[in-house]
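Results of the structural survey
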Protein chains: 2
Amino acid sequence: MSSSTSGIAVKPVADLIEELGRLPGIGPKTASRLAFSILRGPREDAVALAEAILTVKERVFFCSRCFNITETEPCAICSDSARDPIICVVEEPLDVLALDRTGQFKGRYHVLHGAISPIDGIGPGKLRIAELIERVKSEKPDEVILATNLDMPGEATASILHSMLVPLGVRVSRPATGLPAGGDLEYADDVTLGRALAGRRTL
Amino acid sequence: MSSSTSGIAVKPVADLIEELGRLPGIGPKTASRLAFSILRGPREDAVALAEAILTVKERVFFCSRCFNITETEPCAICSDSARDPIICVVEEPLDVLALDRTGQFKGRYHVLHGAISPIDGIGPGKLRIAELIERVKSEKPDEVILATNLDMPGEATASILHSMLVPLGVRVSRPATGLPAGGDLEYADDVTLGRALAGRRTL
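Here's a quick rundown of the structure. From a predicted model like this one, the values you see are computed outputs, not experimental measurements.

Attention now goes to helix α3 (residues 43-59) of chain A. An α-helical turn contains 3.6 residues, so a residue and the one three or four places further along point in the same direction. Helix length check: α3(A) (17 residues) gives 24 Å between terminal C-alpha atoms against 24 Å at 1.5 Å per residue, within 8%. Along its buried surface, α3(A) packs onto α2 (28-40) of chain A together with α1 (11-21), α2 (28-40) and α3 (43-59) of chain B.

Structure below.
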């Protein structure tokens, strides 16, 4: 919005639109819509949002061991001695929440903060890969599960990590690929269906 | 996100995702993405955003005369005695900026804050229509331009306002409809093309 050129522009609104527009995926139109929504909404909502933003920056940081988000150092999972000596490698902190919710995994995590994607300029150096290798060397886990996404960057990252971890003598695994629970065979794509057949289990 | 149920959830992050999710058009996935972007980004950006939100709520309000956004009462346009005695009625504050930028209009504005849309539960009572009628009665402008949008709610609002304003003896107009500047005749819709023909000018 070039409203700043207009004598009748209201600077705080233009500022808010500009700040909101810095967020990923928020263009000028969406930023305007959000700014006017904040302007029209109750004062308490705006204060709660501003405080939530400041609180996150003040109290939340990344665990120095697993790089998950945390309010304590080390994080709750890293400081839990009852956890199994298995490291599950994920791309994002939200993946940790999703995996831990299943209750199927009682090990530890390592958050890479992304996946290798040369097209987006994300090489191995931008991820927490060196820290993972150091961790595996010092913690000597029984197994490393490469739970990166099943898209191109996730698969590429898993492949590279696999080649780096095997020489360390650790067991490296990847979650099963196949049909999702509740999924309809008819609508599955060829790759998923092919993998589901290749990985079939004897009943 | 039901992360609050997990023992490893980080409350400030869950809180921020919840607050962002209150904004219009921001679902849980987008809220998560924005929250992690704020978490990863520079501290200054987060502080600037939080301050912009608070500043807007502290310093910006609606002019009691035209209901446009303002930092002063009355607003810069309402207190400008050089403005023509014509009231241009618009739906949103951003419309005022757009119209004033053209330099083609030197009158005053009246912001309705929406358009009549029974399907969305927006009746005349939720808009600044009563205030417009009072303004026209007391200010006695030469003309009222109904510059609401050209969609269904905007057309309905213009139609209702027209029937309310005509008995007051004021001239009521609506901006010309036709082909947009730089527009391609081939791609114009039938309604626009029909109106452009009906409103043709002799050269």
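Further notes follow.
Residues and elements named next belong to chain A. Applying the stated criterion across every chain, the model contains 28 salt bridges over all chains. The partner of R171 in a salt bridge is E143, with the nearest N and O atoms 3.4 Å apart. In this pair, R171 sits in strand β6 (residues 171-173) while E143 sits in strand β5 (residues 143-146), placing the two residues 28 residues apart along the sequence. Judged by relative accessible area, R171 falls into the exposed class, the value being 54%.

Right, let's talk about the relation of the copies chain B and chain A for a bit. Rotating chain B by 180° and moving it 0.0 Å along the rotation axis overlays it on chain A with an RMSD of 0.0 Å. What we have between these two chains is a two-fold relation. Judged by C-alpha distance, A50(B) is the residue of chain B that lies nearest the rotation axis, at 2.2 Å. Here 100% of the interface residues in chain B have copies in chain A that are interface residues too; the copies meet face to matching face.

By a widely used convention, the size of an interface equals the accessible area lost when the partners come together. At the interface, 59 residues of chain B touch 59 residues of chain A. On inspection of chain B and its partner chain A, the count reaches 2 salt bridges. Linking R40(B) and E92(A) is a salt bridge whose minimum nitrogen-to-oxygen distance equals 2.5 Å. Between chain B and chain A we count 12 residue pairs in polar contact (both at pLDDT 80 or more) in total. Among the elements that line the side of chain B that touches chain A, the one with the most residues is α3(B), at 15 residues.

Quick notes on the rules
- Residues numbered from 1 in each chain as written.
- Chains lettered and ligands numbered in written order.
- Predicted model: local features only at pLDDT ≥ 70, side-chain atom pairs only at ≥ 80, totals over all residues.
- Heavy atoms only, no water.
- Helix = DSSP H or I, 4+ residues; strand = E, 2+ residues; numbered from the N terminus.
- Expected span 1.5 Å × (residues − 1).
- Contact = heavy atoms within 4.5 Å.
- Salt bridge = Lys/Arg side-chain N within 4 Å of Asp/Glu carboxyl O.
- Buried < 20%, exposed > 50% of the residue type's maximum accessible area, 1.4 Å probe, protein only.
- Least-squares fit on C-alpha atoms with pLDDT ≥ 70 in both.
- Polar contact = N/O pair within 3.5 Å; in protein donor to acceptor, adjacent residues only side chain to side chain.

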